[in-house]
Amino acid sequence: MALKEPMVVLSDVHRDFALGDHIVHALRGVSMEVYEGEFIVVLGPSGSGKTTLLNQIGGIDSPTKGTIKVKGEEITEWGTGQLGDYRRNRVGWIFQFFNLIPSLRAWENVALALEFKGDRENIKSRACDMLKAVGLGDKTDRFPSQLSGGEQQRVAIARALVKNPEIIVADEPTGNLDFVTGEKIADLMKDLNEQFGGTYLVVSHDINITEKAQRVFYLRDGQIETVEDHSK
Amino acid sequence: MKILTMKIFRDIQFNKFRSIMIILTVFLALTLGLGLINLKNSAMVSVEATNKQLNNADLRIRLSGYIPENNVSLLLSESEKEAAGITDLEGRIFEYSTVNYKDKIHKAYLIGINFDNARINKLKLRVGDDPISDDQVLVEQHFGNILPLGAQAKLNDHLSINFRNSIVNVRIAGFVADSEYIFVVDEQTNAITLGELCIIYIPLEILQQKFNLTGVNEILVKTQERSNAANQKADQALSSLLGENRIQNVIYWDESMERGWLELRTDAMENIGVVFGIFALIVGSIAIYNSLSKLIIAQRTHIGLYGALGAKNRAILVHYTSSGLMLGIIGIILGWIGATLTTFVLINVAVSVFGLVVITVSSNPSNFVIITLLAIFLILIFSILATLPVLQITPHEALRAPYSTSELGREPFLERLLSPFRIFKGLASKIPLRSVFMNKRRSLSTALVVSASMVILVISASLFFDYIYALDQNYELYEKYDAKVILSTPTSETEIKQWIHQTITGITEIEGFVYTSVWIGNQRVPLQAFHQNASLRDYNVIAGEKLLSKYEILIGNNLANDLEVKPGDQISFSFNLQSNLTVEVAGITGEIAENTILWTIEAIQQSVSDIHHIGIKENVTAFAFTFSETISNDDKNQIKQFIQERFNPYVYLDSSEAKSTILEFLNMFMQLLVLVALLGLATLVLFTFSSMSIAMMEREMEFLALRAMGAKHRTILRIIFTENLIYGFFGFFIGVPISFALLKPTYEFIFPELYLPSVIPVELWAFVAVIICLCVFLATTLIAWRTWRSSLPDMLYNRMAN
Ligand SMILES: Nc1ncnc2c1ncn2[C@@H]1O[C@H](COP(=O)(O)OP(=O)(O)OP(=O)(O)O)[C@@H](O)[C@H]1O
Ligand SMILES: [Mg+2]
């Protein structure tokens, strides 16, 4: 794996936020490489910049300084429109808060991602297949409010994965769940990673997830402190 | 301060838009309601204050001859005055005459007073200066161009006074206000003569010189108390002194009549205030309900948290209710200011026609208290109603998921109906339909705000249109003649026709009719009778049938209400209090002549046995005619002059002039209605816009999710737009039947004495629809702007922080 070209390359990424009259340096010079198909976990104390880092890679935010390349394309040069395309077509986002659309059924929430991508063929059966894969084959017709927290999170995962994204970005996907459900989700993500490929970048303190990571990045004060490689 | 109390302020601060909208809502409702209701009281108080400032006489004693000026003050000793309840006496000259102004003859009063030291009936110079030379006079302001109606004379214009066979030319030095002529009612006919009657004030000595008069012929009296009893007492004391034969007539300043006259006019304004004020308050309450209930949906998690932390449901209820109430009270306080301003503007518009010297805004304390309490009550009730669902939120449920389970339905029927259409195929296009239809209660409150505020606009604008429409109809369809002449002595119709055909060109059709009054019990009621086959007069029968025969009459709807008769009933009346006639009411008319009995000349001649007494066996008491289409205004004036010279009529009324006079007199009313309609428009725009915006703000989280998924701007914009459009659409269609249902009762409440057709012009619907679309557009733009202006990472960050 180390022989392959890296898929995502961050060089000296800085992100500053103006908070009132002082500036918060959320990221101060992060450089890292992520390879295709990797399952990476980002750890670090609260406020260390984990979410900010994911936002940069997932096309939600742009760095104040530094560059990010995805498959050789410099996404840091893109405007909001192009970043939107990028999120729509190439990134699967999973948030801590499930962010489903309340008026759409489970399968519709999943299929919406396909619709946005402009990939409209058989969207219902593909969405249902994906829900089956996350273990919700019998609940495809439910509305978000009719699902438990763990089930909702699984819909969110299905929604992120259904479009076969190059990168899956997850910010504390099990943060709101109980241990057992968290474990199931972690297993699921790992399974899907093995089954469908895709590169995973996950922020999580959940032992279920960290033990499955190939590499773990430790962030502290906006900088990468250490990298643990579990794959070796 | 308790933390929860502090949170109320925080919520207000963090939800600026929502808070401002609630405040504005209450503000607008109060401004409109209280502002209009205060109008009547302010008008009355202003008249009163004007009278007081100008020290208006309580009693005027017109003598049959002239007495030396000095005698007036010597008439009574101080103690006699005291005994008679008289505080002051002053002599002046008062004479009837005519003036010629710009080739038109006007009735005129000549008044001779001492300008400088007049104590009673003081004049207030409005424009121009006091006379400095003998040929200069002051003229009462209604005749001048400083007030909207009438002759519109200008400063320095010439007048020729025609008095006792001599003609004197004078110039106008200034226009004055005279408290006695605020309404300018002709003393002889009791008709309102706003601006047509020329009241001329000349320094006493100059008037005496000009017309060779010595002394004064009128005594102005101020009494201690302002009451009719005091007037009578003073009158008796002076009469016995002057001797009955020296008194020509005594005019009491009859406050009750003046008041009644003004009250009648301002009553309608007050009614408008009551109706629209209450409408506005209700709409405002619904808007508050809507906005608060959305706040609660948005804060479900907070509420769950309070519960989880052990807060009592009651405390949470009080918490949210008080946030509504607090905003409401700020709105009320601002509303008081707004109402005062509204009244100020309105009263200036509304009473400008009277030229009051003092204009004050004053609130009837009871109105003020009632409206304020009503506002607080409504705000409280609707706040509680909006907050009640809080009790159903269990911490478990609220914290479990950010989605409400309280309401869940099936996919709306509309979705299946629309699904064959290409633009409704996508999943994104289902979002707006479902958000609206699967949360019926929530959506209904948004749509209701739109409907209710729309009703205000529709009714106020219709009122405006229907008022003009009624006038137009009246002169186009019913009173089809161009002019009518009411004669002072009955004259033969053939004679009239012959004379006109021989002497006047430019008149196409003439019809004689009877215009007189009859007695019903001891009430005098006008009666109008055209020929059976009259072509110049038709009737707008709104109930019963249009039948006019020996046994059947029509009756104006106002009179019908007064007498409590309906078609088919019998009524009895008499021409001379002796022999009663009994006829059936065939129908009820809704026209301007609402207090009139309508019959035909033929029927009268067949039914009335002692017809000779009233002189209408072969005579008519009035005639109506039409001008040829090409006639010029000069010719019309000429005709008027001819007819006046020949018949010396009681009234000569040109329909177009009558219409424009009514219109102009109603001008103040119209302006009021326009103002109400404008406020209605503001209400519609504000409430629709805000309710839509608030409905969307609640869903910011959802749009955030869509954005994070990479949804295109276009997609989100379409979702917001469609959803707003649905609210607008339903608001509109709920509003239509409500408007229709409320229109007639509203009219009847506002103008109980007036028949108005309840028509809502089609254009108005179109206009309202356009305005609603505009609001949809505005609200969409605002939300879209808010969504795009905010940076995605910031939003997500804040979301997490929440
Ligand atoms: N949009 C923003 N505006 C202002 N400051 C921000 C913003 N996003 C992040 N920050 C600040 O940047 C720093 C890093 O935040 P970030 O959310 O990346 O931390 P984190 O590692 O994800 O923390 P946690 O584990 O608590 O989620 C923090 O100090 C935070 O307050
Ligand atoms: Mg974070």
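A quick note: this is a predicted structure, and the numbers were derived from the prediction, not measured.

Trainee: If you had to explain the overall build of chain A to someone new, which residues and values would you point to?
Mentor: When its secondary structure is counted, chain A shows 7 helices and 10 strands. The C-alpha atoms of chain A give a radius of gyration of 17 Å, which matches the 17 Å a tight globule of 232 residues would have. For chain A, the proportion of its 232 residues judged to be buried stands at 57%. Taking the contacts inside chain A whose residues are at least 6 apart along the sequence as the reference set, 71% of them involve residues at least 24 apart. A total of about 9,600 Å² of accessible surface is found on chain A, and carbon and sulfur atoms cover 46% of it. Placing the 27 positive and 34 negative side-chain charges of chain A at their respective mean positions leaves the two points 4 Å apart.

Trainee: An account of the packing of aromatic side chains is needed here, citing residue identities and associated values.
Mentor: Residue and element names in this part refer to chain B. The final tally for this structure, using the stated rule, is 23 aromatic pairs over all chains. Relative to phenylalanine 368, the ring of tryptophan 336 has its centre 5.2 Å away and its plane inclined at 35°; by these criteria the two rings are tilted. On the criterion of sequence distance, the pair formed by tryptophan 336 in helix 9 (residues 313-350) and phenylalanine 368 in helix 10 (residues 365-387) is long-range, its members being 32 residues apart. Directly above the aromatic system of phenylalanine 647 lies the positively charged group of arginine 646, at a separation of 4.6 Å from the ring centroid.

Trainee: Hey, could you go over a positive patch on the surface for me, with residue numbers and the actual values?
Mentor: Among the surface-exposed residues, A:Arg120, B:Arg422, B:Lys425, B:Lys712, B:Arg714 and B:Arg718 lie close enough to one another that they form a single positively charged patch. Residue placement: B:Arg718 occurs in helix 23 (residues 713-750). B:Arg718 sits in the partly exposed class, given a relative accessible area of 45%.

Trainee: Pulling in residues and values, what's your account of the domain arrangement of chain B?
Mentor: When its domains are assigned, chain B resolves into domain 1 (1-54 + 262-403), domain 2 (91-209) and domain 3 (478-657). One C-alpha centre belongs to domain 1 of chain B, the other to domain 3 of chain B; they are set 52 Å apart.

Trainee: Explain the interface of chain B and chain A to me, using residue names and the numbers behind them.
Mentor: Between chain B and chain A, the residue contacts involve 33 residues of the former and 38 residues of the latter. For the pair chain B and chain A, the summed buried surface comes to about 3,000 Å²; carbon and sulfur atoms form 64% of the total. Linking chain B to chain A there are 1 salt bridge. A salt bridge links A:Glu108 to B:Arg434, with the shortest nitrogen-to-oxygen separation between them at 2.5 Å. Taken together, chain B and chain A are joined by 7 residue pairs in polar contact (both at pLDDT 80 or more). Looking at the side of chain B that touches chain A, the elements that each hand over two or more residues are helix 13 (430-437), helix 22 (700-708) and helix 25 (792-801) of chain B.

Trainee: An account of the sheet that holds strand 7 (residues 167-171) of chain A is needed here, citing residue identities and associated values.
Mentor: All names here are of chain A. In spatial order, the strands read 6-7-8-3-9-10; together these 6 strands make up an open sheet with mixed pairing. With one partner strand each, in any of the chains shown, strand 6 (91-94) and strand 10 (223-229) form the two edges of the open sheet. Going across the sheet, the axis of each strand differs from the next one's by a mean of 15°, ignoring polarity. With 5 bridges connecting them, strand 7 and strand 8 (residues 199-203) associate as parallel partners. Across the sheet, the residue bridging to isoleucine 167 is threonine 199, located in strand 8.

Trainee: Please set out the site of ligand 1 residue by residue, giving values where relevant.
Mentor: Every one of the 15 residues lining ligand 1 counts as a neighbour, but A:Ser46, A:Lys50, A:Thr51, A:Thr52 and B:Tyr797 are closest to it. Neighbouring residues of ligand 1 are distributed over chains A and B. Between an oxygen atom of ligand 1 and a side-chain N or O atom of A:Ser46, the distance comes to 2.5 Å. Going through the elements one at a time, strand 1 (8-19), strand 2 (22-34) and helix 1 (50-57) of chain A together with helix 25 of chain B are the ones with two or more residues in the shell around ligand 1. In terms of residue count, the dominant contributor to the shell around ligand 1 is helix 1 of chain A (3 residues). The class makeup of the residues in the shell around ligand 1 is 6 nonpolar, 6 polar and 3 charged.

Trainee: Tell me what's going on with the sheet that holds strand 1 of chain A, and back it up with residues and numbers.
Mentor: Residues and elements named next belong to chain A. A sheet is described by the order of its strands in space; here 4 strands give the open sequence 2-1-4-5, paired in antiparallel fashion. Strands with a single pairing partner mark the edges of an open sheet, and in this sheet they are strand 2 and strand 5 (73-74). Bridge count between strand 1 and strand 2: 10 bridges; the pairing is antiparallel. Residue pairing in the sheet places alanine 18 in a bridge with isoleucine 23 of strand 2.

Trainee: Give a description of the side chain of A:Arg154 that names residues and reports values.
Mentor: Residues and elements named next belong to chain A. Of note, arginine 154 is situated in helix 5 (residues 149-161). Although buried, arginine 154 forms no salt bridge, and the nearest oppositely charged side chain, glutamate 151, lies 5.1 Å from it. Other than its neighbours up to four places away in sequence, arginine 154 contacts Val134, Gly135, Leu136, Ile185 and Leu188.

Trainee: Any chance you could break down the environment of B:Gln224 for me, citing the residues and the numbers?
Mentor: All names here are of chain B. With respect to the element layout, glutamine 224 can be found in the loop between strand 9 (216-223) and helix 6 (228-242). Considering only alpha carbons, one finds glutamine 224 and lysine 81, 143 residues apart in sequence, at a separation of 9.9 Å. Excluding residues within four positions of it along the chain, glutamine 224 makes contact with Glu82, Gly85 and Thr87.

Trainee: Would you mind going over the nonpolar core in detail, with residue names and values included?
Mentor: Among the nonpolar cores identified, the biggest contains 152 residues, and A:Leu112, B:Phe276 and B:Leu706 are the most heavily contacted of them. Per element, the largest residue contribution to this core is 16 residues, and it comes from helix 7 (residues 255-298) of chain B. Core analysis: the next-biggest nonpolar cluster, separate from the first, contains 55 residues, B:Ala483, B:Phe513, B:Ala529 and B:Phe623 among them.

Thresholds, definitions, all that
- Residues numbered from 1 in each chain as written.
- Chains lettered and ligands numbered in written order.
- Predicted model: local features only at pLDDT ≥ 70, side-chain atom pairs only at ≥ 80, totals over all residues.
- Heavy atoms only, no water.
- Helix = DSSP H or I, 4+ residues; strand = E, 2+ residues; numbered from the N terminus.
- Rg over C-alpha atoms; globule rule 2.2 N^0.38 Å.
- Buried < 20%, exposed > 50% of the residue type's maximum accessible area, 1.4 Å probe, protein only.
- Contact = heavy atoms within 4.5 Å.
- Areas by Shrake-Rupley, 256 points an atom, 1.4 Å probe, with all protein chains shown as cover.
- Lys, Arg positive; Asp, Glu negative; His and termini not counted.
- Charge placed at Lys NZ, Arg CZ, Asp CG, Glu CD.
- Phe/Tyr/Trp six-rings, centres within 6.5 Å; stacked < 30°, edge-to-face > 60°.
- Lys NZ or Arg CZ within 6 Å of the ring centre and 35° of its normal.
- Patch = residues over 30% accessible without salt bridge, like charges linked within 9 Å, V, L, I, M, F, W, Y side chains within 5 Å.
- Salt bridge = Lys/Arg side-chain N within 4 Å of Asp/Glu carboxyl O.
- Domains from an automatic or database assignment.
- Buried area = accessible area lost by both parts, 1.4 Å probe.
- Polar contact = N/O pair within 3.5 Å; in protein donor to acceptor, adjacent residues only side chain to side chain.
- Pairing = 2+ DSSP bridges.
- Axes fitted to C-alpha atoms, helices over the stretch in contact; angles between N-to-C directions.
- Near = heavy atom within 4 Å.
- Nonpolar A, V, L, I, M, F, W, Y, C, P; charged D, E, K, R; others polar.
- Core = buried A, V, L, I, M, F, W, Y, C linked by side-chain atoms within 4.5 Å.

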